[in-house]
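What the coordinates show
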Amino acid sequence: MFLTIIIRLITTLTSSVYNIFIFRKSKPTVYIIDPDQAQIILKSTDYTRHKPNHWLIHTLSIVNPFTIPSTSLLNDFKNEVKNTLAHWINDKHYVNLIGTVRNCVEYRRASASQICLSKFVKQVTLDSFLSGILNIRVDEQFLIEIPDLIIYLWKHRDDQEAHHRLQTLISSQSDTFSQSKFWKQIQTILSNHSNTISTIATNEFDEKIHNPLNIIVPGWETMWRVVFYSLLELLRHRELLDELRIQLNNPSVSYKNCQLLERIIKEILRLYPPTKNIYRYNEKTNENFCIQVQAIHRNEKIWGANALEFYPDRFKQKLTDKQKDAYLPFSISCPARHGFAYAFAGAIIAEILKQYPNLIVSNNSSTVLTDTLLDMSRDSYKELLVEIHSQ
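Residues numbered from 1 in each chain as written. Predicted model: local features only at pLDDT ≥ 70, side-chain atom pairs only at ≥ 80, totals over all residues. Heavy atoms only, no water.

Once that is clear, we can look at the overall build of the chain. From N to C terminus, the chain includes 19 helices and 8 strands. Against the 2.2 N^0.38 benchmark of 21 Å for 391 residues, the chain shows a C-alpha radius of gyration of 23 Å, consistent with a compact globule. Across its three principal axes, the chain shows a C-alpha extent of roughly 95 × 55 × 40 Å. For the chain, the share of sequence-separated contacts (at least 6 apart) that also reach a separation of at least 24 residues comes to 76%. Looking at the chain as shown, the accessible area adds up to about 19,500 Å², and 51% of this sits on carbon and sulfur atoms. Here the chain holds 44 positive side-chain charges and 39 negative ones, and the gap between their average locations is 5 Å. (Helix = DSSP H or I, 4+ residues; strand = E, 2+ residues; numbered from the N terminus. Rg over C-alpha atoms; globule rule 2.2 N^0.38 Å. Contact = heavy atoms within 4.5 Å. Areas by Shrake-Rupley, 256 points an atom, 1.4 Å probe, with all protein chains shown as cover. Lys, Arg positive; Asp, Glu negative; His and termini not counted. Charge placed at Lys NZ, Arg CZ, Asp CG, Glu CD.)

Below you can see the structure in the form of structure tokens.
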């Protein structure tokens, strides 16, 4: 009898413990489409980054605040980046940045009558970021291969051959990256948080700390897509493109003060946000949250009946409080969200349009642009050819 009671008790306890763990493990993700709720989650310290970003540690060896859930690391990293970017949107330094961007576009000025727009934008944006912000010049092969390798590994995360090639290219430029003051400062920050990072990224720890992708990916990956999608929409809206050219050719107006250009970039970030979803985890409740940025950005109740249309003039008027809370292309903490993202992307867009004044989709292109919303996959329109007529 006593043995029977013990067995029943153990069975009951085992079942209870099992149900607790299974329940906690299988708790469904909570999807957030209300901007007020999104703001509460993003501002609260109860929520940390979710595990989906952890693949970046394994595949790209990235150990920055994108992958390491540390508030102190995030703050140190963010403050350093914020100070550096503030330097470049100062009027005097911004002129120098434009000069660097202009040189990067000129360097890739094609002698052929047409170019692959995607490759061109990726390389120009990466070159502009490395030359302008990091103040270094890497080998041309690095600029050609790295963008496509990063995007390829985003989808094919276990391709060891591609991963090895990525590491080889990065290693070949280690001396060059060591000359960047900004990158040295970022490395110091990562090293200062080595105890936290090492608990999550245990393998090849030193390699990850000194991996320049820790700054390249956040500085380049979003920017090239903003530039690329801006050009795609401008190619579909020729009247808007012509109007923008007129404003850009006005010598009295700086790129960063060109209101039409800023509205175009803001609308691109609304309609095609670089991050479709933001994931957070609440340790107290063991709940996973998915803030659906793209759904919030395209919500007709917030943005009006034309929410699914490319309409930059919606930013001509002051946004409502609801729209301000609903505009989350850079979440709420990205250092670039206030001015640099628009100034940097704007400089690249402007220089491409000025140096290629008659940009049109080539009749030989196997990829065409339709009237529907653009596809947001990272490798979309990679075969799109545009005809160019340089000045």
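The phi torsion of most residues other than glycine is negative, and most of the peptide bonds are trans. We note that N135 has phi near 60°; this positive angle belongs to a residue other than glycine. Turning to its location among the elements, N135 is positioned in the loop between α6 (117-133) and α7 (140-155). According to the relative accessible area criterion, N135 is exposed, its value standing at 61%. Phi is positive for Y381, close to 60°, though the residue is something other than glycine. The topology assignment puts Y381 in the loop between β7 (360-361) and β8 (385-387). (Buried < 20%, exposed > 50% of the residue type's maximum accessible area, 1.4 Å probe, protein only.)

Taken in spatial order, the 4 strands make up an open sheet running β1-β5-β4-β2, and their pairing is mixed. Only two strands of the sheet have a single partner each, and these edge strands are β1 (30-32) and β2 (47-49). When the angles between neighbouring strand axes are averaged without regard to direction, this sheet yields 35°. In terms of strand pairing, β1 meets strand β5 (residues 287-292) through 3 bridges, oriented parallel. Bridging across to β5, I32 finds its partner in I291. Contacts between helix α2 (residues 35-43) and the sheet are confined to β1, β2, β4 (277-282) and β5, with β5 contributing the most and set at about 125° to the helix. (Pairing = 2+ DSSP bridges. Axes fitted to C-alpha atoms, helices over the stretch in contact; angles between N-to-C directions.)

On a regular strand, one side chain projects to one face of the sheet and the next to the other, so that they alternate. Where β4 meets β5, 6 bridges bridge the pair, whose relative direction is antiparallel. Considered in β5, the bridge of Y281 is made with N288.

Looking now at the pairing of β4. Of the two faces of β4, only one is covered, namely that formed by I278, R280 and N282; the face formed by N277, Y279 and Y281 stays uncovered. The pairing of β2 with β4 spans 3 bridges and is classified as antiparallel. Counterpart to R49 in the pairing with β4 is R280.

On to the sheet that holds strand β3 (residues 114-116), then. Spatial strand order, β3-β8-β7: 3 strands in an open sheet with antiparallel pairing. Bordering the open sheet on either side are β3 and β7, each of which pairs with just one other strand. In the packing of α6 onto the sheet, contacts are made with β3 and β8, and the angle to β3 comes to roughly 70°.

Compared with an ideal rise of 1.5 Å per residue, which puts 13 residues at 18 Å, helix α15 (residues 259-271) spans 18 Å between its outermost C-alpha atoms and is within 8% of the ideal. Of all 13 residues in α15, 10 are buried; the element is thus mostly enclosed. Those residues of α15 lying buried are L260, L261, R263, I264, I265, E267, I268, L269, R270 and L271. (Expected span 1.5 Å × (residues − 1).)

Across all of its chains, the model carries 0 disulfides by this definition. C104 takes part in no disulfide bond, and the closest cysteine sulfur to it belongs to C116, at a distance of 18 Å. Judged by relative accessible area, which is 18%, C116 ranks as buried. (Disulfide = S-S within 2.5 Å.)

It is worth stressing that arrangement in space is one thing and function is another; only the former is reported here.
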